[in-house]
Amino acid sequence: MSMLTPPGMGGKYKIKGTKYPQMRRSRTKRRVLLLTASAALLALLAWGSVQLVSAFSGDGSKDTAAGKKHCASPSAAKLPKPAPLPKPDTIKVNVLNATTRSGLADKTAKTLEKRGFDIGEVGNAPKEYDKKVDGPGILLGSKQAAEGPLKVLGTQLDGAQPKTDGRKGNDVDLILGQEFVTLAKEKQAQAALKILTKPPAPKPTRTC
């Protein structure tokens, strides 16, 4: 009798050999376990995908709320309104000729007068500028006139150089230089003046 045979058993129940009998699970149970494990794995993968999408797209309720609270949409920056420019009829212009061409100051002054400017002195430029202005011209006035009258007058002559001096009055000088040909066309001057009076577009800013 084998040592594996329990006492009192023999005959057809006699166990032969030196190995213990092995018990195997049924095929049905194995399939059920495999299906359960597969379903759990698929569910885990699906949940992980949802979390990734939410993280990168900001669809999560917490992220969305935080975004609305701490990261506002771009808004236009508030810029101070520029000071209004003076109208041409409030600007007194002295037209001075620094070239050797006669009658140039008188002709230019009449054109400016037609465009609404108040004309003051018309004649030759002083010695410090006479025949010494190489460009189209010089716009000369007080420091207070730099941001107002000189800018408005500058729309009438392309390439004119703005300068300031120590004068006390509100009048400005248009000194015609060697390269002066004619004033800017009226439509061109009006377009330039319109650009000056239009405030710059504000740049969008974020608050986060």
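Throughout this document, residue positions are counted from 1 along each chain, in the order its sequence is written. Given that the model is predicted, a residue must reach a pLDDT of at least 70 before its local features are reported, and side-chain atom pairs must reach 80 or more before they are shown or counted; all residues, however, enter totals for whole chains, interfaces and linings. Each side-chain value is derived from all of the structure's non-hydrogen atoms; neither hydrogens nor water enter the calculation.

Peer 1: Sorry if this is basic, but what is going on with the side chain of Asn 97 here?
Peer 2: Where helices and strands are cited, they refer to DSSP runs of H or I of at least four residues and of E of at least two residues respectively, numbered from the N terminus. One can find Asn 97 in strand 2 (residues 92–97). Counting of polar contacts relies on pairs of N or O atoms within 3.5 Å, with two restrictions inside protein: one atom must be capable of donating a hydrogen and the other of accepting it, and residues adjacent in sequence are counted only when both atoms are side-chain atoms. A distance of 2.6 Å separates a polar atom in the side chain of Asn 97 from the backbone oxygen of Arg 101.

Peer 1: Any chance you could explain the pairing of strand 3 (residues 118–124) here in plain terms?
Peer 2: The side chains of a regular strand alternate, residue by residue, between the two faces of the sheet. Two strands form a pair only when DSSP identifies at least two bridges running between them. Two strands pair when backbone bridges link them, and strand 2 and strand 3 are joined in this way by five bridges, in the parallel orientation. Paired with Lys 92 across the two strands is Asp 118, which belongs to strand 3. In this view, the connection linking strand 2 to its parallel neighbour strand 3 by way of helix 3 (residues 104–114) has right-handed handedness. Seen with the strands pointing away from the viewer, any crossover whose path from the first strand over the helix to the second strand runs clockwise is right-handed.

Peer 1: Help me out: how do you make sense of the nonpolar core in this one?
Peer 2: Considering soluble globular proteins, one finds that nonpolar side chains tend to be buried as a cluster. For our purposes a nonpolar core is just a set of buried Ala, Val, Leu, Ile, Met, Phe, Trp, Tyr and Cys residues, chained together by side-chain atoms within 4.5 Å. Buried residues are those whose accessible area, probed at 1.4 Å on protein chains only, stays under 20% of the maximum for their type, while exposed residues exceed 50% and partly exposed ones sit between those limits. Membership of the largest hydrophobic core comes to 20 residues, with the highest contact counts inside it found for Val 93, Val 95, Leu 112, Phe 117, Leu 153, Val 172 and Leu 174. Those elements giving two or more residues to this core turn out to be strand 2, helix 3, helix 4 (149–154) and strand 6 (172–176). Take this core: its biggest share by element is four residues, from helix 3. Ignoring sequence-local partners within four residues, the contact set of Leu 153 consists of Val 93, Leu 112, Phe 117, Leu 139, Val 172, Asp 173 and Leu 174. One finds Tyr 129, Ile 138, Leu 140 and Ile 175 within the second-largest nonpolar core, a separate group that totals eight residues. Any pair of residues with heavy atoms lying within 4.5 Å of one another is described as a contacting pair.

Peer 1: Explain the pattern of salt bridges here, please?
Peer 2: As a working rule, side chains carrying opposite charge can pair if their charged atoms are close by. In the sections that follow, a salt bridge refers to a side-chain nitrogen of Lys or Arg positioned within 4 Å of a carboxyl oxygen of Asp or Glu. Summed over all chains, the structure comprises six salt bridges. Asp 106 serves as the salt-bridge partner of Lys 110, at 3.5 Å between the closest nitrogen and oxygen. Of this pair, Lys 110 and Asp 106 are both found in helix 3, four residues apart, which corresponds to roughly one turn of the helix. Looking at Lys 110, the relative accessible area reads 49%, which means it is partly exposed.

Peer 1: Which parts of the structure should I look at to understand the environment of Ala 98?
Peer 2: Looking at the element boundaries, Ala 98 is found in the loop between strand 2 and helix 3. Through-space distance from the C-alpha of Ala 98 to that of Gly 137 is 8.6 Å; in sequence the pair is 39 residues apart.

Geometry only, nothing functional implied.
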